[in-house]
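The lines below spell out each chain.
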Amino acid sequence: MRSLQYKIIPDRSILPAITSHYIILQPIELEIKTAYRRYVKTKGLPITPPLNTCNEQKDALIAAYENRPKAAKLEWIDLIYYNGLESCPFCGGDGARTIEHYLPKACYPEFSVFSLNLLPSCGSCNTKRNNINEYGAPTALLHPYFDKLLLSRISLYVDIKVEYGIPEFGPLLYDQDGLTEEEICRVDHHIDSSVDEITYFNKCRALFSEIRGRSMRWPTVAEFRKEVVSYEFYLCQKSGDYNSWRYAFYHGLNRLEDEDINVLVADVLGTQPT
Ligand SMILES: [Zn+2]
């Protein structure tokens with residue numbers, strides 16, 4: 001879950017290339033241009049009715065996205081895959097190797113090839129969401145380009161409980177202080193719609209094994225917090241993966257009492273649980 005820096009794509013100047021390749025779109029070129037402007041004005045929220053396109057126009061818009069003919073100047077779409085992201089902007093899981101249409105193309109075909117609507121995402125949450133952000137949806141997902149401010153105020157953590165020395169990984173949580181009810185509702189909706197539970201819990205277990213597998217040992221919990229946890233925070237913040245699952249895992253770990261950390265990571269501390 002993170003915001004992204006938008007790379008400016010001249011959508012309005014690309015549009016004539018698309019309509020000259022797909023002639024059936026020419027009668028609605030101006031309407032599409034107006035819809036692009038409105039999308040920016042409303043920050044992508046699914047509150048504006050979709051354009052009234054005929055089936056052939058809808059097919060042409062979706063074909064433009066799927067086929068990306070050179071003549072339509074859509075080669076920039078392929079570059080979205082080469083994003084270098086270590087975590088998914090939507091859920092925070094690993095990588096972002098698919099393209100998410102923030103407003104789904106089935107409902108809003110006019111934004112099928114609109115750069116602000118095309119975002120890198122991981123496959124698991126992309127499949128899970130499907131058409132969730134369709135017209136009239138009561139709550140919208142967080143938009144990595146437009147919800148920067150809200151995203152910067154969220155600090156996710158994994159709810160970790162320790163029972164008899166065994167960690168139990170709960171859902172992703174965050175501190176709600178200072179957020180309005182509407183903001184909380186959006187963040188909760190975003191997490192519920194994006195986090196694939198199986199992938200998430202497997203990642204938590206893998207991160208826990210990773211800690212246990214460390215060959216280096218630290219004399220105290222305080223040293224462990226300083227050398228391991230703080231370093232992981234630093235790495236996540238440096239790469240912009242502030243709310244990745246990795247970040248949330250270490251954040252959750254850091255919230256535990258010393259005693260619980262001692263029990264969980266005794267073998268990497270060189271001390272025994274008391
Ligand atoms: Zn994802």
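Predicted, not measured: the structure shown is a model, and the values here were computed from it.

Here's the deal with the coordination of the zinc ion
- Within the protein, the atoms that donate to the zinc ion are Cys88 (SG), Cys91 (SG), Cys122 (SG) and Cys125 (SG), at distances of 2.2 to 2.3 Å.
- Around the zinc ion, the four donor atoms are arranged such that angles at the metal cover 102 to 121°; this shape is classified as tetrahedral.
- Donor residues for the zinc ion, ordered by position in the chain, follow C-x2-C-x30-C-x2-C. Like Cys122, the residue Cys125 is buried in the burial classification.

Some details on helix 2 (residues 29–41)
- Helix length check: helix 2, at 13 residues, gives a terminal C-alpha distance of 19 Å against a target of 18 Å (1.5 Å per residue), a fit within 8%.
- Those residues of helix 2 that fall on the buried side of the exposure criterion are Ile32, Ala35, Tyr36 and Tyr39. Burial along helix 2 is one-sided: seen end-on, the buried residues are contained in an arc of 105°. With respect to the buried face of helix 2, the exposed residues turned more than 90 degrees away are Leu30 and Lys41.
- Of the residues trailing helix 2, Lys43 is marked for its positive phi of about 50°.

Here we look at the nonpolar core
- With 83 residues, the main nonpolar core has Ile18 and Phe224 as its most contacted residues.
- Summarising the domain contributions, this core has at least three residues from each of domain 1 (11–139) and domain 2 (153–269).

Observations regarding the pairing of strand 4 (residues 166–174)
- Both strand 3 (residues 156–163) and strand 4 contribute to a ladder of seven bridges, which runs antiparallel. Each residue of the ladder has a partner; that of Leu156, found in strand 4, is Tyr174.
- Hairpin connection of strand 3 to strand 4: two residues between the antiparallel strands, including Tyr164 at a positive phi of 50°.

A few points about the domain arrangement of the protein
- Each domain of the protein was delimited in the assignment, giving domain 1 (11–139) and domain 2 (153–269).
- A separation of 34 Å is found between the C-alpha centroids of domain 1 and domain 2.
- Contacts between the two partners involve 15 residues from domain 1, matched on the other side by 16 residues from domain 2.
- Together domain 1 and domain 2 conceal approximately 1300 Å² of surface at their shared face, both sides included; 53% is due to carbon and sulfur atoms.
- By the criterion of area lost to domain 2, the three top residues of domain 1 are Cys91, Lys128 and Thr139, representing 37% of everything that side buries.
- For the interface between domain 1 and domain 2, the tally reads one salt bridge.
- The residue inventory of the side of domain 1 that touches domain 2, partitioned by class, reads six nonpolar, five polar and four charged.

Some thoughts on unusual backbone geometry
- Phi at Arg68 is positive, roughly 45°, even though this residue is not glycine.
- Within the fold, Arg68 resides in the loop between helix 3 (55–67) and helix 4 (76–79).
- Positive phi, close to 55°, is recorded for Lys73, a residue that is not glycine.
- Secondary-structure assignment places Lys73 in the loop between helix 3 and helix 4.
- Residue classification places Lys73 among the partly exposed positions, given a relative accessible area of 47%.

Examining the environment of Pro89
- Within the secondary structure, Pro89 sits in the loop between helix 4 and strand 1 (98–101).
- A residue is classified by how much of its surface remains accessible, and Pro89, at 2% relative accessible area, is buried.
- Residues contacting Pro89, with those up to four places away along its chain left out, are Met1, Arg2, Leu4, Ala96, Pro120, Ser121 and Pro144.

Remarks on the packing of aromatic side chains
- Per the counting criterion, the structure on display carries 17 aromatic pairs.
- Centre to centre, the rings of Phe233 and Tyr247 are 5.2 Å apart; their planes meet at 40°, and the pair counts as tilted. Pair noted here: Phe233 is in helix 9 (residues 221–238) and Tyr247 is in helix 10 (residues 245–254), with a separation of 14 residues, a long-range link.
- Accessibility expressed as a relative area gives 16% for Phe233, which makes it buried.
- Centroid distance Tyr242 to Tyr247: 4.9 Å. Interplanar angle 45°. Geometry classified as tilted.
- Assessed through its relative accessible area of 27%, Tyr242 is described here as partly exposed.
- By way of ring pairs, the aromatic residues Tyr36, Tyr39, Tyr108, Phe111, Phe114 and Phe146 are connected into one cluster.
- Across from the ring centre of Tyr65, 4.7 Å away, lies the NZ or CZ of Arg68, which sits over that ring.

Cut-offs and rules
- Numbering of residues begins from 1 in every chain and follows the order in which that chain's sequence is written.
- With pLDDT at 70 or above as the cut-off, local features in this predicted model cover only qualifying residues; side-chain atom pairs require 80 or more to be listed or tallied, and sums for whole chains, interfaces and linings still use all residues.
- To obtain the side-chain values, all non-hydrogen atoms of the structure were used and water was disregarded.
- With water omitted from the atoms examined, metal sites may look incomplete; donors here are N, O and S atoms no farther than 2.8 Å from the metal, or 3.2 Å in the case of Na, K and Ca.
- Between 85 and 135 degrees for all angles marks four donors as tetrahedral; over 155 degrees for opposite donors together with 65 to 115 for all other angles marks four donors as square planar and six as octahedral; every other arrangement is irregular.
- Relative accessibility under 20% of the residue-type maximum defines a buried residue, over 50% an exposed one, and the middle range a partly exposed one, all with a 1.4 Å probe and only protein chains included.
- We count a stretch as a helix when DSSP gives it H or I for four or more residues in a row; a strand needs E for two or more, and each element gets its number in order from the N terminus.
- Multiplying 1.5 Å by the residue count of a helix minus one yields the expected span of that helix.
- The arc in question is traced by the directions running from the helix axis to the C-beta atoms.
- In this text, buried Ala, Val, Leu, Ile, Met, Phe, Trp, Tyr and Cys residues form a nonpolar core when linked through side-chain atoms within 4.5 Å.
- Reported domain spans reflect what an automatic or database domain assignment gives.
- DSSP bridges decide pairing: two strands pair if at least two such bridges lie between them.
- By definition in these notes, contact holds between two residues if any of their heavy atoms fall within 4.5 Å.
- By buried area we mean the combined loss of accessible area, with a 1.4 Å probe, across both parts when two parts are placed together.
- Every case where a carboxyl oxygen of Asp or Glu lies within 4 Å of a side-chain nitrogen of Lys or Arg is listed as a salt bridge.
- Each residue is assigned to one class: nonpolar for Ala, Val, Leu, Ile, Met, Phe, Trp, Tyr, Cys and Pro, charged for Asp, Glu, Lys and Arg, and polar for all the others, Gly among them.
- Two rings from Phe, Tyr or Trp (for Trp, the six-membered ring) form a pair when their centres are within 6.5 Å of each other. A pair whose planes differ by under 30 degrees is stacked, one over 60 is edge-to-face, and the rest are tilted.
- Geometrically, a lysine NZ or arginine CZ counts as sitting over a ring once it is within 6 Å of the ring centre and also within 35 degrees of the ring normal.

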